[in-house]
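# Architecture at a glance
Listed below are the residues making up each chain.
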Amino acid sequence: MDAGKNLLGPSLAGIMGRKAGAESGYNYSPAMKQSGLVWDGNTLDAYLADPQKLVPGNKMPFPGLKTDHDRADIIAYLAAGAQPAPAAPNPAGQPASGATAQNTPAPASQPPQGASGADITYIPDARYTLRSGIAEGRMVYIGVGGTIDGKVNPVLTASEGQVVQVTLINGEGAEHDIVFPDQDAKSPRVTGKGSSTTIAFRATKSGDFIYLCSVPGHQLAGMQGQFLVTPRPTPQTVVEADISREATDLSPPIGKRDPQTVRVDLFSVEIEGRLAEGTTFGYWTFNGKVPGPFIRVRIGDTIDIHLKNSADSSMIHSVDFHATTGPGGGAAALQVDPGKEKSMTWKALVPGLYVYHCATPMVAEHIANGMYGLILVEPEGGLPPVDREFYVMQGEIYTDIPHGQHGSAEFSVEKLLNERPEYFVLNGSAGALSKLHPLHAKVGETVRIFFGVGGPNYTSSFHVIGEIFDKVYMLGGAQTAPLEGIQTVTVPAGGAVIVDFKLEVPGNYTLVDHALSRMERGLVGILSVEGQPNPEVFNGQVMPGMGH
């Protein structure tokens, strides 16, 4: 009800008498935009009771309130005369039409457990780009992109505790920098037209502050703007369906046993879920999560695979196991219509870590919508033991709306065919393994990451910032000795790797694709390590704003 405190859509304050799907700058589903509804007591009651019945094809991930008094309470609250609050200086809801996430502060994120509050976690909550220039006869900063585009010395906003990233582009050739004196943040100076620099800092205190150029005379010449930091917002509840599989959601090692028949049940489900803060996407999934379940068998096992397609699905779905020897990796026998089920068996002949995915035409579309996972065929006796195992997969998402725009995103075939994803993600969504489900471990433990690339198109340069892989089972192979002492691993689309490393020092370790621009489109994870400092290995104080 309060402006600036909604995560997914526009405020519901003053909804009575408003037309459905009419809020500017928000990407409604086509069904909602075309519904023609005007919200009153009767339409709200019908919608709250059964959203899909009143507006077939709408994307509300909510089955409805079936109790009369619950619906009545909500309607009474909405009808009680609540008015939209005045526009706040930090509108964390949705950007104006045409805006991008670049200049839209997001809800404050907390440091992962075990992390120092001073750490910069590589995940900026508010991003701004400014260009130096001349306007109105003065030297000024000019906003670039999003809601500040073209504005002179624009007001920059953040919430207390947020990480702020500011990029300064030299627009006319003179020497410049940007300083936030009350936040102890200062950029290097940039000289020469087109040169640029980026700083990141945490907004440590709330208030009405300034930013400026510290080159002598430039502040007086006009290079000064306002930086508003609002008090820390109250914790918010994410209302979107969380489709991201936690990295700890994997079955334990098999170890020593004889080969046997293992039944595997996969259920293809199409579901609207959280893609990023304020944005949802229509995922196609195995078992309701991205990636699909981690499957673990051993060499010589017979896999009895049962694939059921939800009756609510709009598509035929299937599954192709890269670990299978036979037509289509099994997909030739497992094309399943909505509401139907098929099964088959295949034998695990070669140990290793393999990708599986839907292989129904257009195959790339099914994968890009989330239908991929990993299957581990253990060698006889299993892999060497470790203290912790994690399950991580990289993918791309192609949406009709730009990266960062809020609303219900639709899949874009055109962007898929042009290989222009709007998002790169780990475990299905932006922030899945950082803000939602960061990884946790302790100093002295050995961890193993089963990493795969669903794709469908991009190769990953998998890297953990601040760690060296002690052992790398290249390309997911388990028949040859692992490589040792590796910094970054190339993993192709449809490929996998197993990496082991020991944790020597506490702190945050960032999982990335070292094609690092992809971090700006959502691809980042955090491994938070707790324990005693180890100054013999790392003796330094982590400073805010230093980044990678």
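Before any of the text, the structure's been laid out above.
No experiment lies behind these values; they were computed from the predicted model shown.

### Some points on the sheet that holds strand 29 (residues 525–530)
Ordered by their spatial adjacency, five strands build an open sheet running 21-29-28-23-26, and the pairing between neighbours is mixed. Every other strand in the sheet has two partners, leaving strand 21 (439–442) and strand 26 (488–491) as the edge strands with one partner each. Within the sheet, the average angular offset between the axes of one strand and its neighbour, ignoring direction, is 20 degrees. Direction of pairing for strand 28 (residues 507–513) relative to strand 29: antiparallel, over a ladder of five bridges. The residue of strand 29 that forms the bridge with N508 is S528.

### Observations regarding the pattern of salt bridges
Two side chains of opposite charge can pair, provided their charged atoms sit close to one another. In the structure shown here, the tally under the stated rule is 17 salt bridges. E520 is the partner of R127 in a salt bridge, and the nearest nitrogen-oxygen pair spans 2.9 Å. Of this pair, R127 sits in strand 1 (residues 126–135) while E520 sits in the loop between strand 28 and strand 29, and the two are 393 residues apart along the sequence. Residue classification places E520 among the partly exposed positions, given a relative accessible area of 32%. Put simply, D177 and R189 hold a salt bridge, and the shortest N to O gap is 3.5 Å. You can see D177 sitting in the loop between strand 4 (163–169) and strand 5 (179–180) and its partner R189 sitting in the loop between strand 6 (185–186) and strand 7 (196–202), a full 12 residues away along the chain. When salt bridges with common partners are traced through the structure, they connect R296, E378, E389, R448 and D500 into a single cluster.

### Here we look at the environment of A323
Within the element layout of this structure, A323 appears in the loop between strand 14 (320–321) and strand 15 (341–347). C-alpha of A323 to C-alpha of L374: the two residues are 51 residues apart in sequence and 9.7 Å apart in space. Ignoring sequence-local partners within four residues, the contact set of A323 consists of W346, Y354, I375 and V377.

### What to know about helix 4 (residues 68–78)
Looking only at helix 4, the buried set comprises R71, I75 and L78. For helix 4, the buried positions fall inside an angular range of 60 degrees around the axis, keeping them on one side. Facing away from the buried side of helix 4 by more than 90 degrees, the exposed set consists of H69, D73 and Y77. Against helix 2 (41–49) lie the buried residues of helix 4.

### Describing the nonpolar core
If you look at the biggest cluster of nonpolar residues, it comprises 31 residues, and the most contacted ones within it are F294, L353, L374 and F450. Here L353 is in contact with F294, L374, I375, L376, F450, F451, L475, G476, A496, V497 and I498, once residues within four sequence places are set aside. Core analysis: the second largest hydrophobic core is formed by 28 residues, F424, I449, V497 and V529 among them.

Thresholds, definitions, all that
Residues numbered from 1 in each chain as written. Predicted model: local features only at pLDDT ≥ 70, side-chain atom pairs only at ≥ 80, totals over all residues. Heavy atoms only, no water. Pairing = 2+ DSSP bridges. Helix = DSSP H or I, 4+ residues; strand = E, 2+ residues; numbered from the N terminus. Axes fitted to C-alpha atoms, helices over the stretch in contact; angles between N-to-C directions. Salt bridge = Lys/Arg side-chain N within 4 Å of Asp/Glu carboxyl O. Buried < 20%, exposed > 50% of the residue type's maximum accessible area, 1.4 Å probe, protein only. Contact = heavy atoms within 4.5 Å. Arc of directions from axis to C-beta. Core = buried A, V, L, I, M, F, W, Y, C linked by side-chain atoms within 4.5 Å.

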